[in-house]
Amino acid sequence: MKNAMMSVAEAAALIEAAKVLVIAGSEAALSQLPKGCWIGGTSVYFMTDTGGRVDRDNLFVTEIEAAEEARPVLYAGEDLPSLTMNRYDNGLSVILIPAFSKAHEAFAIHGSGYSGVFDQPLMGWVTGVHLDDLETARPKVFDGARGMAFEEGAMLLHVKLRADRVADIDILNLFEPDQSADEIRFAKTGFSASTALVNGQEVELASYLTEQGVDTRCPMVANFAGAMINVSFQSVEPGKPVSFYAPVIEGVSYRIAKLPGDYASEFAARAQGEGSRELSCNCILNYIYGELEAKKTGSFTGPATFGEIAYMLLNQTMVRLNIQAAEAAAVA
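Worth saying up front: this structure is predicted, and the values here are computed from it rather than measured. (Residues numbered from 1 in each chain as written. Predicted model: local features only at pLDDT ≥ 70, side-chain atom pairs only at ≥ 80, totals over all residues. Heavy atoms only, no water.)

Here we come to the sheet that holds strand S20 (residues 233-235). Taken in spatial order, the three strands line up as S15-S21-S20 in an open sheet, and their pairing is antiparallel. The outermost strands of the open sheet, each flanked by one partner alone, are strand S15 (190-193) and S20. Adjacent strand axes in the sheet meet at a mean angle of 30°, parallel and antiparallel pairs treated alike. Pairing analysis gives three bridges linking S15 to strand S21 (residues 242-248), with the strands arranged antiparallel. Within the sheet, the bridge partner assigned to alanine 193 lies in S21 and is valine 242. Relative to the sheet, helix H3 (residues 102-110) contacts S15 and S21, its axis offset from that of S15 by approximately 90°. (Pairing = 2+ DSSP bridges. Helix = DSSP H or I, 4+ residues; strand = E, 2+ residues; numbered from the N terminus. Axes fitted to C-alpha atoms, helices over the stretch in contact; angles between N-to-C directions. Contact = heavy atoms within 4.5 Å.)

Our focus in this paragraph is the nonpolar core. Core analysis: the largest hydrophobic core is formed by 97 residues, its most contacted members being Leu157, Phe186, Met220 and Phe244. It is strand S12 (residues 154-161) that provides the largest number of residues to this core, a total of six residues. Apart from residues no more than four positions distant in its own chain, leucine 157 is found in contact with Val20, Leu21, Val22, Cys37, Ile39, Ile64, Ala70, Arg71, Pro72, Leu92, Ser93 and Val94. Formed by 14 residues, the second largest nonpolar core is a distinct cluster that contains Met6, Ile15, Leu30 and Leu33. (Core = buried A, V, L, I, M, F, W, Y, C linked by side-chain atoms within 4.5 Å. Buried < 20%, exposed > 50% of the residue type's maximum accessible area, 1.4 Å probe, protein only.)

Turning next to the packing of aromatic side chains. On inspection of all chains with the given rule, the structure shows nine aromatic pairs. Seen in terms of ring centroids, phenylalanine 100 and phenylalanine 306 are 6.1 Å apart; in terms of plane orientation they differ by 80°. Their pairing is edge-to-face. Residue phenylalanine 100 is found in the loop between strand S8 (91-98) and H3, and its partner phenylalanine 306 is found in the loop between strand S24 (302-305) and strand S25 (308-310); the two are separated by 206 residues along the sequence. Since its relative accessible area comes to 40%, phenylalanine 100 is described here as partly exposed. The class for phenylalanine 306 is buried, based on a relative accessible area of 6%. For the ring pair phenylalanine 118 and tyrosine 311, a centre distance of 5.6 Å and an interplane angle of 35° mean the geometry is tilted. Taken as a pair, phenylalanine 118 in the loop between H3 and strand S9 (122-127) and tyrosine 311 in the loop between S25 and strand S26 (312-314) lie far apart in primary sequence, 193 residues in all. Judged by its relative accessible area of 46%, phenylalanine 118 falls in the partly exposed class. Here a set of aromatic residues connected by ring pairs shows up, and it is made of Phe186, Phe233, Phe244 and Tyr254. A cation over a ring is seen here: arginine 71 above tyrosine 88, with NZ or CZ 4.1 Å from the ring centre. (Phe/Tyr/Trp six-rings, centres within 6.5 Å; stacked < 30°, edge-to-face > 60°. Lys NZ or Arg CZ within 6 Å of the ring centre and 35° of its normal.)

Pairing between the strands of a sheet is mediated by backbone hydrogen bonds and can be parallel or antiparallel. One open sheet holds the six strands; their spatial order is S1-S6-S2-S3-S10-S11, and the pairing between them is mixed. Strands with a single pairing partner mark the edges of an open sheet, and in this sheet they are strand S1 (2-6) and strand S11 (148-150). Adjacent strand axes in the sheet meet at a mean angle of 20° when their direction is disregarded. Pairing of strand S2 (residues 21-25) with strand S6 (residues 59-63) involves four bridges; the strand directions are antiparallel. Bridge pairing in S6 links isoleucine 23 to valine 61.

This is the structure we're talking about:
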């Protein structure tokens, strides 16, 4: 794969050359692109080879060179659970979902139960807007084949890989649960909660977090079959339900995470590999809390997003998709 920040004109030239592309940028920039074999999602925050930056004019473009063919497909409403049905036998799928949409909530809560969702690499992100524009702009996804933008639904690019290539996904999470912290459980699954069971005792959640002085830059973390999965705090206000950027799951044991050291250094140290050849995204919360503007995260570049997808919705992680020779993967 090839990654690069580029102008609208440069991206348009790749589209006209029939390249298979995944593109992130502002709505204004994406709207100028011609039809072709690409999907796009809104974001104006990026990790680039010169460091993190906000850019409303240029686009972050990933070319999937190993694609034999590809098809963009929008899944909306009742079609969402069938998003795995149109895949190629040897392939991968990139998925983009607008933040705050019904599809965002549905995929977050039910996506891990969709038929075949873990059988083939599924990677992507939740699209967003500049944080100053949350009240005036809506995150969108773009179907490059039809030249259309949508505020609802999941936009997928199903990709057929060459027979000698395979794809794999990796999650880089800087957060670990603080084992000395209280255990937190929830009575129902959802993006908000008024109460929780803390060490078995029901509490009013906002009051508990405030009284304990919890640093809500740190997510709650749960262990899902050995993978550390974060749930990040969106808002904590006295007397109101606490809202999250991903759903808490009924009955799962969570603990508040430890705050990592320097984000940029941690990512650079732990993100092994050649990031310029991989499709990756990093969370907008990492971008903000880690003060990543003008800082590099090793060689890994891509949009900073409102959620990351590696088969399921994630928060405050970096997700990477690598395509390599089948022989190399077998040896590894």
